[in-house]
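So you can see what is in the structure, the chains are spelled out below.
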Amino acid sequence: MKVGTLPIGKQGARTIGGVVLFTALLWIGAWPIGRAPALGPLLDPAHGVWALARTAELPNEASDVVPTLGSTVEIRYDVRGVPHIFATRDDDAYRALGYVVARDRLFQLWLQTMAASGRLTEIAGPQALPLDREMRRLAIPWSAERKLALIDSTAPETARLTRAYADGVNAYIDHMSRDALPLEFRLLGIKAVPKWQPLNSLLLFNRMGWTLAYIVPELERALASSRVGSAAAASLFPENSPIQEPILPNGRKAPRFDFARLTPAGTPDSVDSQTLIAALHDYMPSSAAATGNDEPRTYASNNWAVAPRRSATGDALLAGDPHLELSLPSIWYEAQLLVPATLDVYGVTIPGLPAIILGFNRDIAWTFTNTGADVLDFYTEKVDQDEHPTKYFMDGTWRPLEQRIEQYRGRRGEILAVDTLYFTHRGPLRRENGQWLSMRWTVLEQSNETEGFRLAAKAKDVDEFQRVMGMYFRSPAQNMLVADRHGSIAIRSTGRFPVRPGGGSGFTVRDGTTSASDWRSYLPVEFAPQARDPEQGYLASANQQPIDPRMANYWFGGQYETWRALRINQLLRGDSAMTVDKMRRFQTDPGSVFADLFVPYFLNAAQRAATHPVPDVDATRLAEAARLLGEWDRKYTTGNKRAVLFELAYGDLVNRTWDELIAPGAPTRGGIRRVVTPSSEVLAELLADSTSEWWDDRRTARRETRDDILAASLAAALDTARARYGDPAKNGWTWSRVRHVNIWHPLRLPSLSALDLPTQGGRGTLNPSSGAGIFGPSWRMVVELSSNELKAWGTYPGGQSGNPASSRYKNHLQQWLEGNLEALVVPKWIPELSAKETSARLTLRARE
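Quantities reported herein were computed from a predicted structural model and do not represent experimental measurements.

**Notes on the pairing of strand β32 (residues 838-845)**
Inference 1: Where strand β1 (residues 61-65) meets β32, five bridges bridge the pair, whose relative direction is parallel. Note on β32: the bridge partner recorded for E61 is R841.
Inference 2: As judged from the six bridges shared by strand β2 (residues 73-78) and β32, these two strands associate in the antiparallel manner. When the sheet's bridge partners are listed, V73 is paired in β32 with L844.

Have a look at this one:
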């Protein structure tokens, strides 16, 4: 028997025998998810983990029966493992999509559903209860059920395709051989795979909304207020970015720095506000509780498009680069769906969603970035009974509460906990730390994004794409960039944006006892930030503020990141003959506008210290640190040896600057923990004000200036760098040795992950790499929209298969690390996919 090799991370076993050994280690005490599985079935020579090798690769020829098919579907896999689905009906194409996704990603399908529905305790036991409660208390399942009911009653075409997708998934499950059961099910001791329900697709849409649109600026301000007062908090957490280079062009050829003097720290807010802070804190995602980290819970993404007059070929070009949590297998699955005269679309789907989410057809290409808009509000509510309420008070009358009982079950089906959930007309209601708060959130509102994607896949031009997405896409709000073969480029922040009372902001908690606090409506789509064929000849978004506040007639606030947008616009402004290869290289460009701004401040402070010594800072060490930092070209290349010094200096600067925000009782030296940390843009704003009171470190007896803090941070960074990485002339300071990408398997098993991967990029670059390295470019794509023949390139960090023994498990990873893209094969029908380009064939037939 051919055993084969496992394409897995360097920390794990590399053969099927290694998987058995690893499984044994888990069984004897290293199992991270609870009770270890029985070892005997795993080692069964007939059907144990050895079967992974037998089912790792796709057979050259295969066929199956899908009872609900209307006619035969032919599927051809190209050499990259991408299925090209040739059908004669739309619903059959989506049945086949469900089938091939299940064939390659069955465990991922199941696990994502368990997470979105709040049922992880059924896998991991009580330790997963906080995560499950988070999903259910945020009403993710409740909302999905309401959306499905609406689709079933009002959108028959969407309902038909959603059921068709489920039919395809279940056809694979029904006919799956015992040997094909994924490794993860075996490790978890699960023998029977549950059937896929249409509801699961809606759960995944909602879960994506939680990932991208669950933003709680109310908490940031409240936490800051608890330490420095509300006026200072509003200054530290402004409604608009202090650096403006918006998505909607504002007529400028350079960014604008709207820097103002930060309001000094004042008296902390009253004890009454502490109750509200505690309540809001419990609404924060478990992965994003305020820990003092200067990097908030954001998911960076880039996209840009170039008009024909700025393209070397005279064709419109589009680049898509969404950054999300990295995983093996990837969150994306690549596919093409073809139905003569009605459907021809290529791109990536999220396993479980009956749609191509990002991609192209023969006429258009599209991609998204997250808007970061605040589309969630909280309301303080009055209820009739504090412990077990049945009514809530509004406009002088008591209204009935909707109730829902949630049971959380363990691995053996036992009930671990029971919650009673309450709902007002606004949404879920919770009692946290003695305060009843309700929440209204666009993700929970009725919508039908599936229909938007169905129609977008057939759009013929920019206008049609924007029209259908504007009609159906509600959340999470996205900056949708689109280009067509006629040469048009366009972008719009598409989704639901609340119009609040009096046009006010969403940064405050409102009084729920009056309907005057309710949202008035949603911003009409024609008023959303948008641009089409701008004079500058290009469009770009990278999670920056969508519209210049000086141009907006309405409040459009949220959480924004500016540095990558500055770099993209810098690169696009500087080149009027753009090519596909240039756009590819931009996606891993190591240049950092962030470093360009901050480094001179450090160097100038060190230069000043040469004549005005800083107390407690060794002049010799500071001079050496400045010399070393001055050697850096401010590019985060893998081979550079100075980025580590800047990163440490910046981190120390943050700690010294925001001492006023240190949590009560936190240590004054070492292990610093802040209640919240202002953005790097706000710190840049502060740098421009050398006399601000914020520069004084209140933990010391003397009064520090800006340059004192900068100099001390730079000198301390050199000490830290030497202690951690050794001599700066040696290889220990090399960026590739210090900063890595970590792509984890969902079960966090190192042997099935790809860990400690060196990559080009860093803070503020288009390929940001920081912290634990678990977020990054999840799919890179460049499309050339020629009027004659569309061409496209793409890749993602992983592979099509979820089987760790498959050659398709992570076969794209090396190219992704190198910043290369692969040419995508896009046939118009079966004969265009040659035998050389075909790796496997699958035929799906209706019941005879």
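**Brief notes about unusual backbone geometry**
Inference 1: P329 follows L328 through a cis peptide bond whose omega is 0°.
Inference 2: By the secondary structure assignment, P329 is in the loop between β7 (316-325) and β8 (333-339).
Inference 3: Look at the link from S475 to P476: it is a cis peptide, with omega at -5°.
Inference 4: In this structure, P476 sits in the loop between α15 (462-472) and β19 (478-484).
Inference 5: One non-glycine residue with positive phi stands out, namely A139, at about 70°.
Inference 6: For A139, the location among the structural elements is in the loop between α6 (129-137) and α7 (140-154).
Inference 7: At D533, a position not held by glycine, the phi torsion is positive, near 45°.

**Quick notes on the packing of aromatic side chains**
To describe a pair of aromatic rings, you give the distance between the ring centres and the angle between the ring planes.
Inference 1: Counted by the stated rule, this structure contains 33 aromatic pairs.
Inference 2: Sitting over the face of the ring of Y408, R133 holds its NZ or CZ atom 5.6 Å from the ring centroid.
Inference 3: Taking the ring centre of Y379 as reference, the NZ or CZ of R426 above it sits at 4.4 Å.

**Overview of the sheet that holds β8**
Inference 1: The 11 strands lie next to each other as β1-β32-β2-β3-β8-β9-β10-β11-β19-β20-β24, forming an open sheet whose pairing is mixed. With one partner strand each, in any of the chains shown, β1 and β24 (530-532) form the two edges of the open sheet. With strand direction ignored, the average angle separating the axes of adjacent strands in the sheet is 15°.
Inference 2: The pairing of β2 with strand β3 (residues 83-86) spans four bridges and is antiparallel. Along β3, the bridge assignment pairs R76 with H84.

**Regarding helix α4 (residues 90-116)**
Inference 1: Taking 1.5 Å of rise per residue, 27 residues should cover 39 Å, yet α4 covers just 28 Å from first to last C-alpha, more than 12% shy of that figure.
Inference 2: The largest bend in α4 amounts to roughly 100° and is located at R105.
Inference 3: A large share of α4 lies buried, amounting to 27 of its 27 residues.
Inference 4: One or two steps after α4, the chain reaches G118, where phi turns positive at roughly 70°.

**Topic: the pattern of salt bridges**
Inference 1: Using the criterion set out here, one finds 61 salt bridges in the structure.
Inference 2: Ionic pairing is found between R532 and D463, a salt bridge with its closest N-O pair at 3.0 Å. Separated by 69 residues along the polypeptide, R532 in strand β24 and D463 in helix α15 bring together distant segments of the chain.
Inference 3: With relative accessibility at 40%, the residue R532 sits in the partly exposed group.
Inference 4: Judged by relative accessible area, D463 falls into the partly exposed class, the value being 41%.
Inference 5: Of the charged contacts, one joins D581 and R585 as a salt bridge, the two residues approaching to 3.2 Å between their closest N and O atoms. You can see D581 and its partner R585 sitting in helix α17 (residues 580-586), four residues apart, about one turn around the helix.

Scoring rules and cut-offs
- Residues numbered from 1 in each chain as written.
- Predicted model: local features only at pLDDT ≥ 70, side-chain atom pairs only at ≥ 80, totals over all residues.
- Heavy atoms only, no water.
- Pairing = 2+ DSSP bridges.
- Helix = DSSP H or I, 4+ residues; strand = E, 2+ residues; numbered from the N terminus.
- Phe/Tyr/Trp six-rings, centres within 6.5 Å; stacked < 30°, edge-to-face > 60°.
- Lys NZ or Arg CZ within 6 Å of the ring centre and 35° of its normal.
- Axes fitted to C-alpha atoms, helices over the stretch in contact; angles between N-to-C directions.
- Expected span 1.5 Å × (residues − 1).
- Bend = angle between axes of the 7 residues up to and from the residue.
- Buried < 20%, exposed > 50% of the residue type's maximum accessible area, 1.4 Å probe, protein only.
- Salt bridge = Lys/Arg side-chain N within 4 Å of Asp/Glu carboxyl O.

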